[in-house]
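# A closer look at the structure
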Amino acid sequence: EGLTPILGDIARIHVGLGDHLAGRRLLERIRDIHARSPYPQPQIEALDLIALSNSHRALCDLDRAGDLAEQALTLARRSIPPEDPALLGYLTHSAATCRARHVFPRSGRLLDEASALVQRYGGEWHPYMAGLRTEQALVRDGEVYRLANRVWIAALSAGLDPERQRSLHHALALLYRAKT
C-alpha cells in the first residue's frame, strides 16, 4: 500500500501529458491494491472510484463515469453518516457527472442534498450566491461581499433600472446582515 502515493503521482503526470489511458491503468492498479487490502478503507476506495470516474469522463466515456460516480457515492454513504460534511465531495462529484450525462433531475436532487448539508453547517445558503462565489464573480472583503470587477457588475446589472438596482442591493444587504 505504500506504493499507491507514487502510483498516484505518476498517474497525474501521465494525465498532465495527455496520456489518459496510461493514467487510468495506474488508477485501476491503485484501486485494486486498496480493494485487496486486509484493512478495508471504504472512503479511500470511494476516492479511487472518483478518480476512475474522472478518468472515464475525460475520455468521454460518460456512462462508465456515471456508474463509477454512483458506486463511489453509495460506498461513501455506507461509511459516512448522512449529516457529515465529508459527503459533500461525493455528492457534488456525482451531481457533476449526472450533469455531464444530461441526467439533470438526478443532478438537481444531489445538488439540493449538498446545499442542505452546507446550510446545516453554516455555509453559503443561497445556491445563486454560492454559484457567483464559485465563478469568482463575488468576492468577500472581511464581512462584506462585492462583485469582483466591472465586467461582472455590467453583466449582472444589464437591463435593471437604477431603482431596481437599489432595491436588489438593499435586499442583499439585509440578507447578509442577518447572517453576520
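The preceding data block contains the structure.
So, here's what we can say about the structure.

Cut-offs applied
- Residues numbered from 1 in each chain as written.
- Predicted model: local features only at pLDDT ≥ 70, side-chain atom pairs only at ≥ 80, totals over all residues.
- Heavy atoms only, no water.
- Helix = DSSP H or I, 4+ residues; strand = E, 2+ residues; numbered from the N terminus.
- Buried < 20%, exposed > 50% of the residue type's maximum accessible area, 1.4 Å probe, protein only.
- Contact = heavy atoms within 4.5 Å.
- Areas by Shrake-Rupley, 256 points an atom, 1.4 Å probe, with all protein chains shown as cover.
- Lys, Arg positive; Asp, Glu negative; His and termini not counted.
- Salt bridge = Lys/Arg side-chain N within 4 Å of Asp/Glu carboxyl O.
- Polar contact = N/O pair within 3.5 Å; in protein donor to acceptor, adjacent residues only side chain to side chain.
- Expected span 1.5 Å × (residues − 1).
- Core = buried A, V, L, I, M, F, W, Y, C linked by side-chain atoms within 4.5 Å.

### Considerations on the overall build of the protein
- A tally of regular secondary structure across the protein gives nine helices and two strands.
- Taken from N to C terminus, the helices and strands of the protein fall in the order α-α-α-α-α-α-α-β-β-α-α.
- For the protein, the residues scored as buried account for 28% of the 180 residues in total.
- Of all intrachain contacts in the protein linking residues separated by at least 6 positions in sequence, the fraction that spans at least 24 positions is 50%.
- When the accessible surface of the protein is summed, it comes to about 11400 Å², and 58% of that surface belongs to carbon and sulfur atoms.

### Description of the side chain of R24
- Following the sequence through the fold, R24 ends up in helix α2 (residues 20–36).
- Here R24 sits buried without a salt bridge, and the closest side chain of opposite charge, E28, lies 5.0 Å off (N-O distance).
- Only 3.0 Å separates the side chain of R24 from the side chain of S55, close enough to count as a polar contact.
- When sequence neighbours within four positions are dropped, the list of residues in contact with R24 reads L52, S55, H56 and L59.

### Quick word on the environment of H14
- Looking at the element boundaries, H14 is found in helix α1 (residues 4–16).
- H14 sits in the partly exposed class, given a relative accessible area of 25%.
- Sequence separation between H14 and L26 is 12 residues, and the spatial gap between their C-alpha atoms is 9.4 Å.
- The contact partners of H14, leaving out residues within four places of it in the chain, are D19, A22, G23 and L26.

### So, helix α4 (residues 62–79)
- Look at α4: 26 Å from first C-alpha to last across 18 residues, which is about the 26 Å you get at 1.5 Å a residue.
- Buried within α4 we find A65, G66, L68, A69, A72, L73, L75 and A76.
- Buried-residue contacts for α4 involve α2, α3 (42–58), α5 (88–100) and α6 (104–120).

### What about the nonpolar core?
- By size, the foremost hydrophobic cluster in this structure holds 23 residues, and its most contacted members are A46, A76, L87, Y90, L91 and L110.
- Looking at this core, the elements with two or more residues in it are α1, α2, α3, α4, α5 and α6.
- Counting residues per element, this core draws most heavily on α4, which supplies five residues.

### Re α5
- Taking 1.5 Å per residue, 13 residues should reach 18 Å; α5 reaches 18 Å between its end C-alpha atoms and fits that length.
- Along α5, the residues that are buried comprise Y90, L91, H93, S94, A95, A96, T97 and C98.
- Contacts made by the buried residues of α5 are with α3, α4 and α6.
- Phi turns positive one or two residues past the end of α5, at H102, with a value near 65°.

### Observations regarding the pattern of salt bridges
- Counted according to the given criterion, the structure contains six salt bridges.
- Across the salt bridge formed by D32 and R36, the nearest N and O atoms sit 2.9 Å from each other. Taken together, the positions of D32 and R36, both in helix α2 and four residues apart, correspond to about one turn of that helix.
- Exposure remark for D32: the relative accessible area of 37% places this residue in the partly exposed category.
- R106 is paired through a salt bridge with E70; the nearest N and O atoms lie 2.8 Å apart. Taken as a pair, R106 in helix α6 and E70 in helix α4 lie far apart in primary sequence, 36 residues in all.
- Note on R106: relative accessible area 24%, which makes it partly exposed.
- Under the relative-accessibility criterion, E70 is labelled partly exposed at 24%.

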